[in-house]
Amino acid sequence: MSKQQSLIKENGVNYLLPFILVTFCFALWGFANDITNPMVKAFSKIFRMNVTDGTLVQVAFYGGYFCMAFPAAIFIRKFSYKAGVLMGLGLYAAGALLFFPAKAIGIYSCFLIAYFIMTCGLSFLETSCNPYILTMGPAETATRRLNMAQCFNPCGSIIGMFVAMNYIQAKLNPMSSDERALLSDTEFEALKDADLSVLISPYLIIGLVIVAMLILMRFTKMPKIGDANHDIHFLVTIKRIFSLKYYREGVIAQFFYVGAQIMCWTFIIQYGTRVFMAEGMDEQAAEVLSQQFNIFAMLFFICSRFIATFLMKYIKPAMLLAIFGVLAMVFTLGVIGFQDRMGMYCLVCVSGCMSLMFPTIYGIALDGLGDDAKFGAAGLIMAILGGSVLPPLQAMIIDEGTMMGMPATNISFILPFICFLVVTAYGYRIHIKKHL
């Protein structure tokens, strides 16, 4: 294989060990993302809230990404990618460990604060790790390299889903939402305390794992690629990168993609619960089975990402992005139209179509930014705000119960459809501009 085709070797330097360590961070934030998505339903039951109030978990979670992206970029520019990774791991661990005092206080807002701090750390990690990976080899293979590293993000996601299903959802009190509403205040508080004890345990364990990773990363020598320039000209740099149309549109596309991803992976629980309860299951069994389908979706997502990374050797990334976007829209129409398990199968297929979207938009938007990539990465991480803004809108539709004679849960997936339309348009426009 020629040097230009290598993923992690350049000018005689092999970046294998740094690549492995940084790639492991992708799995760590994947775990955080996907142990959290089912918590919208769990917190709604534990605190006797509607779905819209439960999505405040997502608002806090993805709000942390938004608020910390540019401060993280400034920190990384001032110090280094490695310093950014260490800061991210520290905040991640702190947020996860704060679940213990939040449980002791027993107030929903305390958990939201813990989520926010945790995701400030994730914002540091993503702002650091994504562009760091892009530098670990030839520029010609940067997008493929990022797709390869991102393949391990859903591995962490699957573990998060598995833990949520088997160590949280399955162990919570099986009492339904309607039955909980009938409890006295004393009975409710006792049940809430027991359920919160179940919920926080995985977060405390992952907090300790992150501390161990922080120590390992601290004492490992990492390459100082792209860390030569420490000058900070924030407004000038922001003006420069946002003057680039392909970058500006990439931020917009990323906003809508992340919104679609979070909506599909969060509300698969509500979608599946409705379908399976209609088949005669009780609420808890329907929720657990829905989470199993969510894991199947993530497995398909992983397989599809490896396939997409391979296909990029033959199909330009922007065109492949457009193709997958069209397929996502087709399957989303199935999610809306079918009211039985066929809709769940379509929702699983949507995950396969989403597999290459985040890293491909990321790689296209940062192409050619050079040292400005640190701030460019921050803009794209801020676009993760889509995961905070759009799910509550879908939840408001779901809370309607029925719309136009159909389950509102089905109708609500018109929002992901619109998101995939934006992503498809971006991929096609970039391909036309660059290759035709």
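Residues numbered from 1 in each chain as written. Predicted model: local features only at pLDDT ≥ 70, side-chain atom pairs only at ≥ 80, totals over all residues. Heavy atoms only, no water.

Per an unreviewed UniProt entry, the protein goes by L-fucose:H+ symporter permease and derives from Xylanibacter ruminicola. UniProt, in its Subcellular location (unreviewed entry) section for the protein, records the words "Cell inner membrane". (UniProt positions renumbered as here; feature names shortened; annotations may be inferred.)

Asker: Before we move on, could you go through the overall build of the protein and cite the residues and values that matter?
Answerer: Secondary structure assignment for the protein yields 22 helices and 4 strands. A compact globule built from 436 residues would reach a C-alpha radius of gyration of about 22 Å, and the protein, at 21 Å, matches this within 12%. In terms of its C-alpha atoms, the protein occupies a principal-axis envelope of roughly 65 × 45 × 40 Å. A total of 436 residues make up the protein; the buried ones form 60% of that total. Sequence-distant contacts, at least 24 apart, represent 84% of the contacts inside the protein between residues at least 6 apart. Mean positive and mean negative side-chain charge positions of the protein (30 and 25 charges, respectively) differ by 15 Å. (Helix = DSSP H or I, 4+ residues; strand = E, 2+ residues; numbered from the N terminus. Rg over C-alpha atoms; globule rule 2.2 N^0.38 Å. Buried < 20%, exposed > 50% of the residue type's maximum accessible area, 1.4 Å probe, protein only. Contact = heavy atoms within 4.5 Å. Lys, Arg positive; Asp, Glu negative; His and termini not counted. Charge placed at Lys NZ, Arg CZ, Asp CG, Glu CD.)

Asker: Residue-level account of the packing of aromatic side chains, with values.
Answerer: Two aromatic rings, taken as a pair, are described by how far apart their centres are and by the angle between their planes. Counted according to the given criterion, the structure contains 27 aromatic pairs. Ring centres of Phe75 and Phe79 lie 4.9 Å apart, and the angle between their planes is 45°; this geometry places the pair in the tilted category. Here a set of aromatic residues connected by ring pairs shows up, and it is made of Phe43, Phe47, Phe61, Tyr65, Phe99, Tyr108, Phe111, Tyr115 and Tyr203. Taking the ring centre of Tyr271 as reference, the NZ or CZ of Arg274 above it sits at 5.8 Å. (Phe/Tyr/Trp six-rings, centres within 6.5 Å; stacked < 30°, edge-to-face > 60°. Lys NZ or Arg CZ within 6 Å of the ring centre and 35° of its normal.)

Asker: Please provide a residue-by-residue account of the packing of helix H7 (residues 108-135) against helix H19 (residues 373-382), values included.
Answerer: It is the contact of H7 with H19, at a shortest axis distance of 9 Å, that shows an interaxial angle of 130°. One finds that H7 runs oblique with respect to H19. Along this stretch, H7 crosses H19, giving a crossing that reads as right-handed. Across the interface between the two elements, Ser123, Glu126, Thr127, Asn130 and Pro131 from H7 touch Lys374, Ala377, Ala378 and Ile381 from H19. (Axes fitted to C-alpha atoms, helices over the stretch in contact; angles between N-to-C directions. Parallel < 35°, antiparallel > 145°, perpendicular 65-115°, else oblique. Left-handed = near helix turned anticlockwise from the far one by under 90°.)

Asker: Residues and numbers for the packing of helix H4 (residues 56-78) against H7, please.
Answerer: The geometry of H4 relative to H7 is characterised by a closest axis approach of 6 Å and an angle of 40° between their N-to-C directions. Between H4 and H7, the interaxial angle falls into the category oblique. The two elements H4 and H7 cross, and the hand of that crossing is right-handed. The class makeup of the residues in the contact of H4 with H7 is 20 nonpolar, 6 polar and 1 charged. (Nonpolar A, V, L, I, M, F, W, Y, C, P; charged D, E, K, R; others polar.)

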